[in-house]
Amino acid sequence: MVEQLPEGLVTPVLVVDADVLDRNIARMAQAARTGGFALRPHAKSHKCAEIAGRQLRAGASGLSVATLSEAEVLAAAGVDDLFVACPLWLDAGRARRLHRLADKVALRVGADSVQAVRRLADAVRGSDRRVEVLVEVDCGARRTGVRAADAGRVAEAGADAGLRVVGAFTFPAHGYDHDPGARERAARDEEQALAEAAESLRERGLDAQVLSGGSTPTAGRHRAGPVGELRPGVYVFNDAQQLAIGTCTADDLALCVATTVISRPARDRFVLDAGSKVLGADRSPWVTGHGHLPRYPDATVTALWEHHAMVRLPEGAPAPALGSVLALVPNHVCTPVNLADELLIARGGVELDRWRVAARGANT
Ligand SMILES: Cc1ncc(COP(=O)(O)O)c(C=O)c1O
């Protein structure tokens, strides 16, 4: 229970319930195994070597990251199989870093243009270890990625330039839409886009050995077939957004911000000492406020200042006493983690450990 906090905390601080964390990791690993999928969790959600280790020991084939610097931090911590799940655009500095990294770990990177794969090929020429490339295709998120039918064109340019292009990947961001059918629809879109991408590679004589998809909302919804690998990230902790769209229950929330009631300016209002500098400001249109208070589920976090969260209570509801320490579950967990130096690990209200957010701010 994430709201069971150790005594005497100096707030605000990010607290992780070790049992819920381990259960979330084990459940996803088991679901991937049962469904016949490789699991390559996205480390941007935790940026933490201890959690990466737990995911690998639970059976993950490697980890996904968003940036070269996240990959560098995890490689230094001993993770030896990494996928930079983003279309990499290399400048001279990044090209040198990629080359160095490729000599250390099994490295896979994303690309979604002919120009980008040519830069990649120039950067890794002469490296002993061959970098693998996945072409990013857009399955409906309208973020990055080429049309699935164009995957072969990018892949062929990469192969012609000497790269080892091994397949395609996609990210179903539209699985976060609020309507209840969004997650199933996004999973179908991933399957279709990856199948089409594989066909497009085959038409150019290239074999799509790796077809990577998945997100926390769509993991567990894929049918056997095109999708071979899953990259969920948020599932390790879950958050108020996952609770709102129904991909987790309150029992699956592993991380909260422990925060103190520092002011009660009116009977129906109180103020906490965690603001946007701790929680981040992410707020999708369908969550009711800036986070979820498990002990006050009917309260609404109506606004954030840099160091304050304003909370409104329903008419007549009892307010917490000044000085109370409450658990506040963030809307989108990845941002508060990236803002924190460390995670306080607890079990049953007892502090067990503190883990460094080693890849905090590793955004290049
Ligand atoms: C490319 C990519 N893969 C995987 C993920 C992880 O998905 P989720 O955040 O739903 O766990 C993300 C998240 O943004 C992503 O951008």
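Scoring rules and cut-offs
Along every chain, residues carry numbers that run from 1 in the direction the sequence is written. In keeping with the predicted nature of the model, local features appear solely for residues at pLDDT of at least 70, side-chain atom pairs appear and are counted solely at 80 or more, and the whole-chain, interface and lining totals rest on all residues. The basis for every side-chain value is the complete set of non-hydrogen atoms in the structure, without hydrogens or water. Under the scheme used here, helices are H or I runs from DSSP no shorter than 4 residues and strands are E runs no shorter than 2 residues, and both carry numbers assigned from the N terminus. The globule rule used for comparison is 2.2 Å times the number of residues to the exponent 0.38, while the radius of gyration itself is calculated over C-alpha atoms. To sort residues, take the accessible area from a 1.4 Å probe on protein chains only and compare it with the maximum for the residue type: under 20% means buried, over 50% means exposed, and anything in between is partly exposed. Any two residues having at least one pair of non-hydrogen atoms within 4.5 Å are treated as being in contact. By the counting scheme adopted, Arg and Lys are positive, Glu and Asp are negative, and His together with the chain ends is not counted. To locate a charge, the coordinates of NZ of Lys, CZ of Arg, CG of Asp or CD of Glu are taken. In this text, near means that some heavy atom of the residue lies within 4 Å of the molecule or strand in question. Polar contact is the term for a pair of N or O atoms within 3.5 Å; when the atoms are in protein, one must be able to donate a hydrogen and the other to accept it, and sequence-neighboring residues count only if both atoms are side-chain atoms. Only the protein chains shown count as cover for residues, and all accessible areas are computed by the Shrake-Rupley method using a 1.4 Å probe. A 1.4 Å probe that fits but cannot get out identifies a cavity on a 1 Å grid over protein atoms alone, an open set with protein on both sides within 12 Å along at least five of seven lines counts as a pocket, and a residue lines either if it has an atom within 4 Å of a point. Each molecule is assigned to a cavity or pocket provided more than half of its atoms lie within 2 Å of the corresponding grid points. Pairing between strands is defined by DSSP: at least two bridges between the two strands are required. The salt bridge criterion pairs a side-chain nitrogen of Lys or Arg with a carboxyl oxygen of Asp or Glu, the two atoms within 4 Å. UniProt positions are given in the numbering used here, feature names are shortened, and annotations may be inferred rather than shown by experiment. Centres within 6.5 Å are what make two rings of Phe, Tyr or Trp a pair, Trp counting through its six-membered ring; a difference in plane orientation under 30 degrees is then read as stacked, over 60 as edge-to-face, and the rest as tilted.

(A) How the structure looks around the overall build of the chain. Of the regular secondary structure elements, the chain holds 10 helices and 16 strands. For 364 residues, the compact-globule estimate of 2.2 N^0.38 gives 21 Å, and the chain sits close to it at 21 Å. With respect to the three principal axes, the spread of C-alpha positions in the chain is 70 × 40 × 35 Å. Per-residue burial over the chain gives 54% buried out of 364 residues. Put simply, 69% of the contacts in the chain that link residues at least 6 apart link residues at least 24 apart. Distance from the positive charge centre (43 side chains) to the negative charge centre (45 side chains) of the chain: 2 Å.

(B) Inspection of the site of the ligand at higher detail. Neighbouring the ligand are 13 residues; Lys44, Tyr176, Thr216, Gly233 and Val234 lie closest to it. Contact distances for the ligand include 3.3 Å between an oxygen atom and a side-chain N or O atom of lysine 44. In this structure, arginine 231 approaches the ligand through a side-chain N or O atom, which is 3.1 Å from a nitrogen atom. Contact with the protein chains hides 92% of the accessible area of the ligand, taken as 390 Å² for the molecule alone. Placement of the ligand is best described as lying within the largest pocket.

(C) Fine view of the pairing of strand S13 (residues 309-312). Residues Ala309 and Val311 point to one face of S13 and are all buried, whereas Met310 and Arg312, pointing to the other face, are not buried. The sheet contact formed by strand S11 (residues 269-272) and S13 spans 4 bridges and is antiparallel. Counted as the bridge partner of phenylalanine 270 is valine 311 from S13. As paired elements, strand S12 (residues 300-304) and S13 share 4 bridges and run antiparallel to each other.

(D) Spatial organisation of the pattern of salt bridges. Scanning the entire structure with this criterion turns up 26 salt bridges. Linking arginine 108 and glutamate 132 is a salt bridge whose minimum nitrogen-to-oxygen distance equals 3.0 Å. Of this pair, arginine 108 sits in strand S5 (residues 106-111) while glutamate 132 sits in strand S6 (residues 132-136), placing them 24 residues apart in sequence. A relative accessible area of 17% means that glutamate 132 is categorised as buried. Where aspartate 122 meets arginine 125, a salt bridge forms, and the shortest distance between an N and an O atom there is 2.9 Å. Put simply, Arg40, Asp81, Arg108, Glu132, Arg164 and Glu229 are held in one network by salt bridges that share partners.

(E) Layout of the side chain of serine 69. Tracing the sequence through the fold places serine 69 in helix H3 (residues 68-76). Side-chain polar atoms of serine 69 contact the backbone oxygen of alanine 362, separated by 3.0 Å. Excluding its chain neighbours within four sequence positions, the residues that come into contact with serine 69 are Arg97, Ala362, Asn363 and Thr364.

(F) Main features of the UniProt feature "domain: D-serine dehydratase-like" (unreviewed entry) in the chain. Per the UniProt entry, the sites bearing "domain: D-serine dehydratase-like" (unreviewed entry) are residues 254-347 in this numbering. When the span residues 254-347 is considered, its composition is 11% helix and 37% strand, and the gap between its end C-alpha atoms is 11 Å.

(G) Local environment of the packing of aromatic side chains. One pass over the structure, following the stated rule, counts 2 aromatic pairs. Centre to centre, the rings of phenylalanine 83 and phenylalanine 169 are 5.1 Å apart; their planes meet at 90°, and the pair counts as edge-to-face. With phenylalanine 83 in strand S4 (residues 81-87) and phenylalanine 169 in strand S7 (residues 164-169), this residue pair connects regions lying 86 residues apart in the sequence. Exposure class is identical for phenylalanine 83 and phenylalanine 169. Each is buried.

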